[in-house]
Structure formats: structure tokens, C-alpha cells
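# Examining the three-dimensional arrangement
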Amino acid sequence: GLGARLAVVAGGQLDVCSKLVGRHFHARGAEALLTAATAAPCAESATGAEASAKVALYVRREPDNRHDPNALLVLVGAAGLPDEASSCGHLPREHARVFAPLIDRGVVASLTAEAAAADVLELPGSAPLMLALKAQVSCLATSADLEALERVPPLSSAPLSAAQESAKRAAALSRPSAGATPGKRRAVQRSLLVNFGASGGPLAAGPPASG
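These numbers were taken from a predicted model, which means no experiment stands behind them.

It is worth spelling out the sheet that holds strand β5 (residues 108–116) at this point. Spatially, β1-β6-β5-β2-β3-β4 is the arrangement adopted by the six strands of the open sheet, whose pairing is antiparallel. With partners counted over all chains shown, the strands left at the sheet margins are β1 (13–20) and β4 (86–90), one partner each. Put simply, the sheet's adjacent strands are angled 35° from each other on average, direction ignored. The pairing of strand β3 (residues 72–76) with β4 spans four bridges and is classified as antiparallel. Of the residues in β4, the one forming a bridge with Val-76 is Ser-86. Together, β1, β2 (54–61), β3, β4 and β6 (129–137) form the strand contacts of helix α1 (residues 27–39), whose direction differs from that of β4 by roughly 100°.

Structure representation (C-alpha cells):
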């Protein structure tokens, strides 16, 4: 949940649980996400134990989205190099409708996120990925803006469908060993995603608005 939601202040940061949805509608970005997850290093936690590897993402407004004018596009790649970044999905509508107006007014200066590399590698493309979302709040934010941010709903992980659970198990069984090359790891994941879509699962559906 929002551990520090009442501590949101102008010039501070809001941390909230969110989701990445619609990966399977962004083929190039899904591939880039798999590449980043495969290469993501494991960090060391405060206790000295190895922490799970994370993939860094950033969020950009997409006001011309014909499905949702509040759309927030999630990209993988360097935020300062937009030509080298790839879109890999969207934030859900529940968060887009809150954050989009605040971004447009400059109240939220930036949105970044992290996804667990293991989730990227194991979950099928139709399954949402949990994100640790970080919103940088402008020093110009008013008390009303801060109240709006404090009401941002944290999103918990939804249960996977039977088809998604099956795809996750297949990914775990097919996962290459630690010594496998990144190319082999990506090939396994691409094969699983393509096969899941061909089986008539959610990959065959049309693109969502933004969640």
C-alpha cells in the first residue's frame, strides 16, 4: 500500500504500488523489457543480502491516445534518450486519471517505476506486472494537489487466470540455466508469449485504452 501517503509534501516523492498493463500490444517494447530483465543485476540490500533484480522504467503522458486522453505510457530505456526508448505498456486507468492532470499542470514533475526482473521473465505477456511507482512532486504543489496525491489508490496483484498460471509454470520449467546466454533466455520467453497468444488467450484481444 501507500506506506507514507500522509507524508506527501511539495518537493517530495510519492511511492505507490501500480501495474504495467497491455505489454502484449507492444511487441518491440516487450522484447526490450525482456532484454533489460535478463541483463538486470542483483543489488545488495541494506542487510547485505542479495536483493531481487529490478528493471528501471519511466512514464510519459500520451494525450493523443484515442482510447484514453489521460493515458500514461510506460517506456523501457534511458529517459534522456527518447529515440532509444521503447513503449512496453500503460499504467492502469485508476492511476492515469489521477496523475495525468497533475503532470499536465506540472504538479508531478516526473514518474518513474521499477519492475521485478523475475516477473518480467516468468509472467505471460497478458498478465499485468506489479510496479513500484515513484512520483516526484513539484515544489509548487498546492494543498489540494497534495490531497489528490494522497488519495491515489494502491493496486494489489490480481490472481492470474488458469491460462496465465499455465504459461508461468511453463516459463519456470523452460527457464535456461544461470549460464545460458541472454539470447537463449529471450528466445524462450518469445516462444512462450507467441504460443500463449496462438492458443486463443488474451493476446488475441484488441488493445485496451490504458488499463
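Read on, since the account is not over.
This part is about the environment of Arg-28. With respect to the helices and strands, Arg-28 occurs in helix α1. Residue classification places Arg-28 among the exposed positions, given a relative accessible area of 61%. As for Arg-28 and Ser-86, which are separated by 58 residues in sequence, their C-alpha atoms are 6.7 Å apart. Those residues in contact with Arg-28, other than ones at most four positions away along the chain, are Asp-83 and Ser-86.

Reading the values: rules and limits
- Counting restarts for each chain, with residues numbered from 1 along the sequence as it is written.
- Local features in this predicted model are restricted to residues whose pLDDT is 70 or higher, and side-chain atom pairs enter the listing and the counts only when it is 80 or higher, whereas totals over whole chains, interfaces and linings include all residues.
- With hydrogens and water excluded, all non-hydrogen atoms of the structure serve as input to the side-chain values.
- Here, strands pair whenever DSSP counts at least two bridges between them.
- Helix and strand assignments come from DSSP, with helices taken as H or I runs of at least 4 residues and strands as E runs of at least 2, each series counted from the N terminus.
- Think of each axis as a best-fit line through the C-alpha atoms, taken over the contacting stretch in the case of a helix, with angles from 0 to 180 degrees between the N-to-C directions.
- Note on contacts: a residue pair is in contact if any heavy atoms of the two residues lie within 4.5 Å.
- Only protein chains enter the accessibility calculation, which uses a 1.4 Å probe. A residue is then buried if its area is under 20% of the maximum for its type, exposed if over 50%, and partly exposed in between.

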